[in-house]
Amino acid sequence: MSNIVDMTKAHAKEVAAIEEATFVEPWSLAQVEEICGKFGAVARVAEDTDGSVLGFYSYNIVCGDGYINDIAVREDARGKGIGKALVKDLIYTASLCGLNGLTLEVRISNERARRLYESFGFKESGIRKKFYQNTEDAVIYWLNVGGNDNFKR
Ligand SMILES: CC(C)(COP(=O)(O)OP(=O)(O)OC[C@H]1O[C@@H](n2cnc3c(N)ncnc32)[C@H](O)[C@@H]1OP(=O)(O)O)[C@@H](O)C(=O)NCCC(=O)NCCS
């Protein structure tokens, strides 16, 4: 991996392709394009040395907190530390923005993602029953960002 940079419309097609391959209800290309450079949102991509997109994240800023939309790593690039690098960058950008906290929902069965968030100090703060397709529960995670130095790890 070379770099984590702001997501631009030039990245949008690749990001949308990862969305499509990863999520049951993926963001469309138009939704991905909309978040690039949007006021009140942060969207970043991990680029390979050739500039191709290895993974990404985005969050919206709501009342001083970051509400994480998605984090995903391209399937062939998983298990190599890119997810960790993205979460570290996410906490760093949130702290630069002066956010109070970060929150997200994740499928209760998504052990890999849950372990990743927990390793950065995200705490379970609730359950949304049947949040996904009216069948699977979501775990709500919360991380206090003020004074948090997890991004330094
Ligand atoms: C979750 C996801 C972003 C992790 O990205 P990644 O690049 O594979 O993660 P990393 O290689 O940085 O590994 C980070 C941690 O994830 C966990 N992890 C990685 N591979 C795992 C596996 N096969 N089984 C269980 N946990 C695993 C570990 O805790 C790992 O930390 P460790 O190496 O210190 O043990 C990626 O798997 C993904 O895109 N999944 C599909 C989309 C998704 O579920 N997004 C989250 C919900 S919004």
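Quick look at the structure, then. (Residues numbered from 1 in each chain as written. Predicted model: local features only at pLDDT ≥ 70, side-chain atom pairs only at ≥ 80, totals over all residues. Heavy atoms only, no water.)

1. Topic: the overall build of the protein
Reasoning step 1: Looking only at helices and strands, the protein features 4 helices and 7 strands.
Reasoning step 2: Ordered by position from N to C terminus, the α and β elements of the protein give β-α-α-β-β-β-α-β-α-β-β.
Reasoning step 3: Against the 2.2 N^0.38 benchmark of 15 Å for 153 residues, the protein shows a C-alpha radius of gyration of 15 Å, consistent with a compact globule.
Reasoning step 4: Taken over the C-alpha atoms alone, the protein extends approximately 40 × 35 × 30 Å along its principal axes.
Reasoning step 5: With 153 residues in all, the protein has 46% of them scored as buried.
Reasoning step 6: If you take every contact in the protein between residues at least 6 apart in sequence, the share linking residues at least 24 apart comes to 59%.
Reasoning step 7: A gap of 5 Å separates the mean positions of the 19 positive and 22 negative side-chain charges of the protein. (Helix = DSSP H or I, 4+ residues; strand = E, 2+ residues; numbered from the N terminus. Rg over C-alpha atoms; globule rule 2.2 N^0.38 Å. Buried < 20%, exposed > 50% of the residue type's maximum accessible area, 1.4 Å probe, protein only. Contact = heavy atoms within 4.5 Å. Lys, Arg positive; Asp, Glu negative; His and termini not counted. Charge placed at Lys NZ, Arg CZ, Asp CG, Glu CD.)

2. A look at the site of the ligand
Reasoning step 1: Neighbouring the ligand are 18 residues, the closest being Ile 71, Val 73, Gly 81, Lys 84 and Asn 110.
Reasoning step 2: Between the ligand and Arg 112 there is a distance of 3.0 Å, counted from a nitrogen atom to a side-chain nitrogen or oxygen.
Reasoning step 3: For the ligand, whose free accessible area comes to 930 Å², the fraction covered by protein is 73%.
Reasoning step 4: Looking at the shell around the ligand, the elements that each hand over two or more residues are strand 4 (65-73), helix 3 (82-96) and helix 4 (111-119).
Reasoning step 5: At 5 residues, the largest contribution of residues to the shell around the ligand is made by helix 4.
Reasoning step 6: Counted by class, the shell around the ligand contains 8 nonpolar, 5 polar and 5 charged residues. (Near = heavy atom within 4 Å. Polar contact = N/O pair within 3.5 Å; in protein donor to acceptor, adjacent residues only side chain to side chain. Areas by Shrake-Rupley, 256 points an atom, 1.4 Å probe, with all protein chains shown as cover. Nonpolar A, V, L, I, M, F, W, Y, C, P; charged D, E, K, R; others polar.)

3. Digging into the packing of aromatic side chains
Reasoning step 1: A complete count under the given rule lists 4 aromatic pairs for this structure.
Reasoning step 2: Between Tyr 117 and Tyr 141, the aromatic rings sit 6.1 Å apart at their centres with planes inclined by 50°, giving tilted as the arrangement. With Tyr 117 in helix 4 and Tyr 141 in strand 7 (residues 136-144), the pair connects residues that are 24 residues apart, well separated along the chain. Tyr 141 shares its class with Tyr 117; the two are buried.
Reasoning step 3: Between Phe 131 and Tyr 132, the ring centres sit 5.0 Å apart and the planes meet at 90°, which makes this aromatic pair edge-to-face.
Reasoning step 4: Through a chain of ring-to-ring contacts, the aromatic side chains of Tyr 117, Phe 122 and Tyr 141 assemble into a single cluster.
Reasoning step 5: One Lys or Arg, Arg 107, reaches over the ring of Tyr 132 and ends 4.4 Å from the middle of that ring. (Phe/Tyr/Trp six-rings, centres within 6.5 Å; stacked < 30°, edge-to-face > 60°. Lys NZ or Arg CZ within 6 Å of the ring centre and 35° of its normal.)

4. Re helix 4
Reasoning step 1: Those residues of helix 4 not exposed but buried are Ala 113, Arg 114, Leu 116 and Tyr 117. The buried residues of helix 4 all sit within an arc of 160° when viewed along its axis, so they share a single face. Facing away from the buried side of helix 4 by over 90 degrees, the exposed positions are Arg 112 and Arg 115.
Reasoning step 2: The secondary structure elements touched by the buried residues of helix 4 are strand 4, helix 3, strand 5 (101-107), strand 6 (123-132) and strand 7. (Arc of directions from axis to C-beta.)

5. Some thoughts on the nonpolar core
Reasoning step 1: Ranked by size, the top nonpolar core spans 30 residues in total, and within it Leu 102 and Phe 122 carry the most contacts.
Reasoning step 2: Mapped by element, the contributors of at least two residues to this core are strand 2 (41-47), strand 3 (53-62), strand 4, helix 3, strand 5, helix 4 and strand 7.
Reasoning step 3: In contact with Phe 122, not counting residues within four places along its chain, are Ile 68, Val 87, Ile 91, Leu 102, Leu 104, Tyr 117, Tyr 141, Trp 142 and Leu 143.
Reasoning step 4: In this structure, Met 7, Ala 12, Val 45 and Val 53 belong to the second largest nonpolar core, which totals 14 residues. (Core = buried A, V, L, I, M, F, W, Y, C linked by side-chain atoms within 4.5 Å.)

6. Digging into the sheet that holds strand 4
Reasoning step 1: Strands sit in the order 1-2-3-4-5-7-6 across an open sheet of 7 strands; the sheet is mixed. Taken across any chain shown, the strands that pair with only one partner, and hence form the sheet edges, are strand 1 (3-6) and strand 6. Neighbour-to-neighbour, the strand axes of this sheet turn through a mean angle of 25°, independent of strand direction.
Reasoning step 2: Where strand 5 lies against strand 7, 7 bridges are found, and the strand directions are antiparallel. Paired with Val 106 across the two strands is Val 139, which belongs to strand 7.
Reasoning step 3: Packing of helix 1 (residues 12-22) onto the sheet brings it into contact with strand 2, strand 3 and strand 4, and relative to strand 3 it is tilted by some 90°. (Pairing = 2+ DSSP bridges. Axes fitted to C-alpha atoms, helices over the stretch in contact; angles between N-to-C directions.)

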